[in-house]
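Per-entry structural report
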Amino acid sequence: MTDTLTAVREVLIDALELPDAPDALAPETPLFGARPELDSFGVVALVGALEDRFDITIDDDEFGAELFETVGTLVAFVDGKRAVAA
């Protein structure tokens, strides 16, 4: 999870243009509803950036508030998608 956590932090900061340092985004850091940058446009930008970075596809039916609940839920989702693709 550590490598994925580091990469997801970088994607979050870049895609959402967050002012945070990567280490400030812990697995329990809330995202959806807590970050004004994660609006509908932010979600689209973030999903595209995650798909590009990790070479995964996120289907429409996988979108939900729980996916973007925390940094940790996003990391777990990406790890799961990568395991299926491997």
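Scroll up a little and you will see the structure.
Here goes a summary of the coordinates provided. For clarity, every value in this text was computed on a predicted model and none was experimentally measured.

Topic: unusual backbone geometry
The phi angle at Glu-17 is positive, at roughly 55 degrees, despite the residue not being glycine. Tracing the sequence through the fold places Glu-17 in the loop between helix H1 (2-16) and helix H2 (40-54). On the basis of relative accessible area, Glu-17 is assigned to the exposed category, the value being 69%. Look at Asp-55: it is not a glycine, yet its phi comes out positive at around 55 degrees. Position of Asp-55 relative to the elements: it lies in the loop between H2 and helix H3 (71-85).

Observations concerning H1
With 15 residues, H1 should reach 21 Å at 1.5 Å per residue; the first-to-last C-alpha distance of 21 Å fits that figure. Residues of H1 that are buried in the fold lie against H2 and H3. A positive phi of about 55 degrees marks Glu-17, the residue just after H1.

Some points on the pattern of salt bridges
All told, the structure shown has four salt bridges when counted by the stated rule. A salt bridge links Arg-9 to Asp-23; the nearest nitrogen and oxygen atoms lie 3.6 Å apart. Separated by 14 residues along the polypeptide, Arg-9 in helix H1 and Asp-23 in the loop between H1 and H2 bring together distant segments of the chain. When its relative accessible area of 12% is taken as the criterion, Arg-9 is described as buried. Note that Glu-62 and Lys-81 form a salt bridge whose closest N and O atoms lie 3.1 Å from each other. Of this pair, Glu-62 sits in the loop between H2 and H3 while Lys-81 is found in helix H3, placing the two residues 19 residues apart along the sequence. When its relative accessible area of 23% is taken as the criterion, Glu-62 is described as partly exposed. Assessed through its relative accessible area of 18%, Lys-81 is described here as buried.

Notes on the packing of aromatic side chains
Centre-to-centre distance and the angle between the planes together describe a pair of aromatic rings. Applying the stated criterion across every chain, the model contains one aromatic pair. Aromatic side chains Phe-63 and Phe-68 sit 6.4 Å apart centroid to centroid with 55 degrees between the ring planes, which places their arrangement in the tilted category. On the accessibility criterion, Phe-68 (3% relative accessible area) is buried.

Considerations on the packing of H1 against H2
Where H1 contacts H2, the axes come no closer than 9 Å and their chain directions differ by 140 degrees. Here H1 lies oblique to H2, going by the angle between them. For the crossing formed where H1 meets H2, the hand is right-handed. Residues Thr-4, Ala-7, Val-8, Glu-10, Val-11, Leu-12, Ala-15 and Leu-16 of H1 form the contact with H2, whose participating residues are Gly-42, Ala-45, Leu-46, Ala-49, Leu-50, Arg-53 and Phe-54. A breakdown of the residues in the contact of H1 with H2 according to their chemical character gives eleven nonpolar, two polar and two charged.

About the criteria used
- Residues numbered from 1 in each chain as written.
- Predicted model: local features only at pLDDT ≥ 70, side-chain atom pairs only at ≥ 80, totals over all residues.
- Heavy atoms only, no water.
- Helix = DSSP H or I, 4+ residues; strand = E, 2+ residues; numbered from the N terminus.
- Buried < 20%, exposed > 50% of the residue type's maximum accessible area, 1.4 Å probe, protein only.
- Expected span 1.5 Å × (residues − 1).
- Contact = heavy atoms within 4.5 Å.
- Salt bridge = Lys/Arg side-chain N within 4 Å of Asp/Glu carboxyl O.
- Phe/Tyr/Trp six-rings, centres within 6.5 Å; stacked < 30°, edge-to-face > 60°.
- Axes fitted to C-alpha atoms, helices over the stretch in contact; angles between N-to-C directions.
- Parallel < 35°, antiparallel > 145°, perpendicular 65-115°, else oblique.
- Left-handed = near helix turned anticlockwise from the far one by under 90°.
- Nonpolar A, V, L, I, M, F, W, Y, C, P; charged D, E, K, R; others polar.

Geometric values such as these leave the question of function open.
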